[in-house]
Amino acid sequence: QVQLVESGGGLVQPGGSLRLSCAASGSIRSINYMRWYRQAPGKQRELVAEMAGGGSTNYADSAKGRFTISRDNAKNTVYLQMNSLKPENTAVYYCNADILSTDFRTWKNYWGRGTQVTVSS
């Protein structure tokens, strides 16, 4: 069974920084894309950033220049460094990944449970 567990969320003042982590564990054979989504109150879940297994990245326009996605393939972990945070960045941040487990022959998409990020003075 595969699990994604996020950590690193919390309360931060405007202009501050946070680093989110998401570790994938379980019967993992391979991981392709790892992504960060967020969902603010009353809004739809949206993609923040994604990184392919080969290292290519894609960012939402709102994240470009302030957020950086990275990953440690040896640890099956993806990170999201968030700088210059704004109140509008307040949301639950979810990890998402395309994973081939040792139990299945096809790729499956997995979600973590999310970590709350609150930007407020």
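Everything quoted here is computed from the prediction, not taken from an experiment. (Residues numbered from 1 in each chain as written. Predicted model: local features only at pLDDT ≥ 70, side-chain atom pairs only at ≥ 80, totals over all residues. Heavy atoms only, no water.)

1. Observations regarding the overall build of the chain
Cut-off, in case you're wondering: Each helix is a run of H or I in the DSSP string that is no shorter than four residues. Each strand is a run of E no shorter than two, and both are numbered from the N terminus. The reference for a compact globule is 2.2 Å times residues^0.38; the radius of gyration itself is calculated from the C-alpha atoms. Exposed residues in this analysis have more than 50% of their type's maximum accessible area, buried residues have under 20%, and partly exposed residues fall in between, with area computed by a 1.4 Å probe over protein chains only. Throughout, a residue-residue contact means that at least one pair of heavy atoms, one from each residue, lies within 4.5 Å. Using a 1.4 Å probe, the Shrake-Rupley method yields the accessible areas, and only the shown protein chains count as cover for residues. His residues and chain termini do not enter the charge count, which takes Lys and Arg as positive and Asp and Glu as negative. By convention, the point assigned to a charge is CZ for Arg, NZ for Lys, CD for Glu and CG for Asp.
Looking only at helices and strands, the chain has zero helices and eleven strands in total. The linear arrangement of helices and strands in the chain, starting from the amino end, is β-β-β-β-β-β-β-β-β-β-β. The C-alpha radius of gyration of the chain comes to 14 Å, within 12% of the 14 Å expected for a compact globule of 121 residues. When the backbone C-alpha atoms are referred to their principal axes, the chain occupies close to 45 × 25 × 25 Å. Here the chain holds 121 residues, and 42% of them are scored as buried. Put simply, of all contacts in the chain between residues at least 6 apart along the chain, 56% involve residues at least 24 apart. Working note: accessible area of the chain is about 6500 Å², and carbon and sulfur atoms make up 44% of it. Across the chain, the centroid of the 14 positively charged side chains sits 2 Å from that of the 8 negatively charged ones.

2. A few points about the state of the cysteines
Quick note on the threshold: Any two cysteine sulfur atoms within 2.5 Å of one another count as a disulfide.
Considering all chains together, one arrives at one disulfide under this definition. Here Cys 22 pairs with Cys 95 through a disulfide, and the sulfurs are 2.1 Å apart. Between Cys 22 and Cys 95 the sulfur-sulfur dihedral comes to about -80°; the bridge is accordingly left-handed. One end of the pair, Cys 22, is in strand E3 (residues 18–26); the other, Cys 95, is in strand E9 (residues 91–101), with 73 residues separating them in the sequence. For the pair Cys 22 and Cys 95, one class covers both residues: buried.

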